[in-house]
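Descriptive analysis of the structure
In case you want the letters, here they are:
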Amino acid sequence: MSEQKTSEPVIECRDLVCGYGDVAVLEDVNVEIFRGEIAALLGGSGSGKSTLLKTIVGLLPPLSGEIRLLGEDIYAMTPKERSRVLRRTGMLYQYGALFGSRTIYDNISLPLRQHTNLPEPVIREMVRQKLALVGLEGLEFRLPADVSGGQRKRVALARATIMDPEIVFADEPSAGLDPVVAAGLDALLRQMQRLFGVTMVVVTHELESIKILADRVVMLADGRVRAVGTVEELSNSDDEIVYNFFHRVPPDYVDAGDGGSSVLDAMADSQS
Ligand SMILES: Nc1ncnc2c1ncn2[C@@H]1O[C@H](COP(=O)(O)OP(=O)(O)OP(=O)(O)O)[C@@H](O)[C@H]1O
C-alpha cells in the first residue's frame, strides 16, 4: 500500500447502487479511497467502470446509497455547492477532450479563467510551471492537432491539474498510446502523486499500468465490486476471475494451446 496513504478517506461509497433509469449496473458498492493513494478501477468491458466514475464525479445520481467526496455527500447538496466540491478535483478524459481550435496554452488555462479571477501574468506563470512539469515547454502556442498523441495526453493532464486538485480522476489515460509512451504517462502520474500527494482514481484495462501505478485495485465484475486490494493481493486471489485477470488466463472459449476445443476450432471445423 502507498507510503502516503493515510486513514482519511476522500471518496466513500456506501451501499451504493448506480445505473441508468431504474436499471442497476452496480449494486452493493462499499468502497473507500484514501488520501494520497492511486486506486485503479478495473473490470471487463461493460462492467460499470465508467458508470461508477460518473456517479462519483457528480454526473449520475445513484439509484440508492451515498457518495461522500472530500467528506461531503455530493448528491445531498445544491448543484452550486456540488460544483464547489468538484472544483477540488480534476478529470483526465480518455481522449483528452481538448478544444481543437484553442492553443495548448488556452486549453490549460481554461479552468483558471472559468473558476478564478487571477490576473493574466499569474495565469501565464502557472501554465508555464505546469507545462514544465509535464515536459511540454515551448509548445504552448500549438494547436492540439499539431502535437503527438502522448503529448496531447500530457496537455490534458496539465489542464486536469492546473487548479491543484486533491483528487484526479483519469479515464483510461494510456488508451491509444504505444507502450513506451504509455509507460511515460504512468510515470508522470506517479510523479505527480509523489510530489503533491494527490489522490488518483484511474480507470484502466492495462495490466502493466496497474502494476506501475496502483497502490490498490478495485475490481468490478458481475454487477458488483469483486475484489479490493493491492496488486500482490489480487494476483494471489483464490477468486478465479480475479486470479485469471492478473495472470492473463484466457477465457474457456479460447484454446490456450493445450489441445482443448474452442470456438475458433469449431469455426474452423464448420468451414472445412
Ligand atoms: N447512458 C446509458 N444508458 C443506459 N445504459 C448505459 C449507459 N451507459 C452505459 N450503459 C450500460 O451500463 C453498463 C456498464 O457500462 P460502462 O460504460 O459503465 O462499462 P465500462 O466498464 O466502463 O465499459 P468499457 O470498458 O467498455 O468502457 C453497460 O451494460 C452499458 O451498456
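Quick caveat: nothing in here was measured; it's all calculated off a predicted structure.

**Details of the site of the ligand**
What surrounds the ligand is the set Y20, V25, G43, S45, G46, S47, G48, K49, S50 and T51. The element contributing the most residues to the shell around the ligand is helix α1 (residues 49–56), with three residues. A breakdown of the residues in the shell around the ligand according to their chemical character gives two nonpolar, seven polar and one charged.

**Re the pairing of strand β4 (residues 64–69)**
Across five bridges, the pairing between strand β1 (residues 9–20) and β4 is antiparallel. Following the sheet pairing, V17 is matched in β4 by S64. In this structure, the hairpin formed by β4 and strand β5 (residues 72–73) is closed by a connection of two residues, where L70 is found at a positive phi of approximately 50°.

**Examining the packing of helix α5 (residues 149–160) against helix α6 (residues 179–196)**
Helix-helix packing is characterised by the crossing angle of the two axes and by the distance between the axes. Packing of α5 against α6 brings their axes to within 10 Å, and their N-to-C directions diverge by 15°. As judged from the angle between their axes, α5 and α6 are roughly parallel. α6 is crossed by α5, and the crossing has right-handed handedness. Counting all contacts with α5, which are made through G150, K153, R154 and L157, the residues of α6 involved are V181, G184, L185 and L188. Within the contact of α5 with α6, the residues separate by chemical class into four nonpolar, two polar and two charged.

**Some thoughts on the sheet that holds strand β9 (residues 216–221)**
Spatially, six strands are ordered β6-β7-β8-β3-β9-β10 in an open sheet, and the strand pairing comes out mixed. The open sheet is flanked by β6 (89–92) and β10 (224–229), the only strands paired with a single partner. Each strand axis lies, on average, 15° off the axis of its neighbour in the sheet, ignoring direction. Across five bridges, the pairing between strand β3 (residues 38–43) and β9 is parallel. By the bridge assignment for β9, L42 is matched with M219. Strands β6 and β7 (167–171) of the sheet are contacted by α5, whose axis makes an angle of about 165° with β6.

Cut-offs used in this document
Residues numbered from 1 in each chain as written. Predicted model: local features only at pLDDT ≥ 70, side-chain atom pairs only at ≥ 80, totals over all residues. Near = placed C-beta within 6 Å. Helix = DSSP H or I, 4+ residues; strand = E, 2+ residues; numbered from the N terminus. Nonpolar A, V, L, I, M, F, W, Y, C, P; charged D, E, K, R; others polar. Pairing = 2+ DSSP bridges. Axes fitted to C-alpha atoms, helices over the stretch in contact; angles between N-to-C directions. Parallel < 35°, antiparallel > 145°, perpendicular 65-115°, else oblique. Left-handed = near helix turned anticlockwise from the far one by under 90°. Contact = placed C-beta atoms within 7 Å.

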